[in-house]
Amino acid sequence: MKIVTWNINGVRARIENLCAWLKESDPDIVCLQEIKSVDENFPRLEIEALGYHVETHGQKGFNGVAILSKVSPDEVTRGLPGDDADEQSRFMEAVFSTGKGAIRVCSIYLPNGNPPDDPVKYPYKLAWMARLEAFAKSRLALEEPLVLAGDYNVIPEPHDCYEPAAWAGDALFLPKTRQAFRRIENLGFTDALRASSDGVPVYTFWDYQAGAWQKNNGIRIDHLMLSPEAANRLKSVAVEKHVRAWEKPSDHVPVAGYFDF
DNA sequence: ATGCCTTACATGGTAAGA
């Protein structure tokens with residue numbers, strides 16, 4: 001089974017790109033982030049025509065997540081628990097049956113948090129990460145295969161960016177951000193790409209500005225975090241970076257995990 | 001150099017991204 005996370009940066013602006021990629025990549029489950037669309041305007045017909053079931057959790061203008069799948073999920077829930085007043089659409093969860101039991105998959109769009117001195121944005125990011133940690137801890141107790149897939153807006157380590165000094169004061173790389181990420185990891189999750197990349201720098205995002213793609217000035221912020229039961233079935237991970245060179249690309253590329261399910 | 005692009009919303013410049 002192939003499970004992918006991809007920040008699409010506007011699903012309506014990217015629908016031709018997305019359909020071409022679905023045909024080429026042939027994923028079983030796709031977690032999308034930044035769909036930037038309300039559910040009613042999500043281009044579901046084009047995707048359903050390619051044989052995918054579509055579940056969305058959108059909002060007007062920005063944010064928004066979705067899960068596409070060849071097989072219909074048994075259950076879907078929307079919103080990260082822990083703050084009923086949070087109206088930003090950044091989280092959804094789906095459970096699928098496979099020939100080898102159930103698998104649980106979450107599509108995560110973690111807050112950016114910049115600028116860090118903003119009275120709202122960085123505290124919201126850290127609070128959101130604390131909620132994600134609590135959720136992750138509760139789900140681990142189920143002892144099920146679980147994939148927390150998404151754009152974490154976290155650069156975990158210095159070698160996950162082209163120039164650590166340039167990111168020193170950024171909300172994606174601040175010590176508190178990395179610490180909050182490690183707290184989740186240390187509950188017992190495996191960072192799938194790190195576990196399979198032998199320490200070689202691998203990036204998943206290149207800014208549109210300043211020729212970042214051409215200069216390979218990238219960062220690794222899109223992650224597949226695996227419960228032990230999922231990590232034990234991981235076969236390989238691929239960053240489909242060629243997609244970044246397509247016409248009208250997203251600034252993120254798909255990150256795919258291949259599992260023995 | 002809080003910009004350099006890009007999307008959405010709206011229909012002209014902002015907000016947001018990372």
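The model shown is predicted, which means the values in this text are computed figures rather than measured ones.

J.: Looking at this model, I keep getting lost on the overall build of chain A. Mind explaining?
T.: Counting its regular elements, chain A contains six helices and 14 strands. Relative to the globule expectation of 18 Å for 261 residues, the C-alpha radius of gyration of chain A, 17 Å, shows essentially globular dimensions. With the principal axes as the frame, chain A shows a C-alpha extent of 45 × 45 × 40 Å. Put simply, chain A has 261 residues, and 53% of those count as buried. The long-range fraction of contacts in chain A, counting pairs at least 24 apart against all pairs at least 6 apart in sequence, stands at 68%. Surface summary for chain A: the accessible area is close to 11000 Å², and the carbon and sulfur share equals 50%.

J.: How should the environment of Y152 be read in this particular structure?
T.: Counting through the fold element by element, Y152 comes out in the loop between β8 (146-151) and α4 (175-185). A relative accessible area of 1% means that Y152 is categorised as buried. Put simply, Y152 and I103 are 49 residues apart on the chain and 21 Å apart in space, counted from C-alpha to C-alpha. Those residues in contact with Y152 that sit more than four places away from it in its chain are I108, L110, L132, F181, I221, H223 and M225. There is a polar contact of 3.0 Å between the side chain of Y152 and the backbone oxygen of L148.

J.: I would appreciate a short explanation of the sheet that holds strand β3 (residues 53-57) in the present structure.
T.: Backbone hydrogen bonds hold the strands of a sheet together, and the pairing may be parallel or antiparallel. Judged by pairing direction, the sheet is mixed, and its six strands sit side by side in the order β3-β4-β2-β1-β14-β13 without closing on themselves. The sheet is open, and its two edges are formed by β3 and β13 (234-239), each paired on a single side. Mean inter-strand twist for the sheet, computed between neighbouring axes without regard to direction, equals 15°. By the bridge criterion, five bridges tie β3 to strand β4 (residues 65-69) in an arrangement that is antiparallel. The residue bridging H57 from the neighbouring strand is V65, located in β4. Sitting on the sheet, helix α1 (residues 15-25) touches β1 (2-7), β2 (29-33) and β4, and the angle it makes with β1 is about 160°.

Procedures and definitions
- Numbers given for residues are sequential positions, taken from 1 along each chain in its written order.
- By the order in which they are written, chains take letters starting at A while ligands take numbers starting at 1.
- Side-chain atom pairs in this predicted model are given and counted only at pLDDT of 80 or more, local residue features only at pLDDT of at least 70, and totals for whole chains, interfaces and linings cover all residues.
- Derived side-chain values reflect all non-hydrogen atoms in the structure, with water molecules and hydrogen atoms excluded from consideration.
- Strands here are runs of E lasting at least two residues and helices are runs of H or I lasting at least four, both read from the DSSP assignment and numbered beginning at the N terminus.
- Here the globule rule reads 2.2 Å times residues to the power 0.38, and the radius of gyration is calculated from C-alpha atoms.
- When a residue's accessible area, from a 1.4 Å probe over protein chains only, is under 20% of the maximum for its type it is buried; when over 50% it is exposed; and in between it is partly exposed.
- Note on contacts: a residue pair qualifies if any of its non-hydrogen atoms lie within 4.5 Å across the two residues.
- The Shrake-Rupley method, run with a 1.4 Å probe sphere, supplies the accessible areas, and residue values consider only the shown protein chains as cover.
- We call two N or O atoms a polar contact when they sit within 3.5 Å, provided that within protein one can donate a hydrogen and the other can accept it, with sequence-adjacent residues counted only if both atoms are side-chain atoms.
- A pair of strands counts as paired when DSSP detects no fewer than two bridges linking them.
- Axis lines are fitted through C-alpha atoms, for helices just across the contact stretch, and the angle between N-to-C directions can take any value from 0 to 180 degrees.

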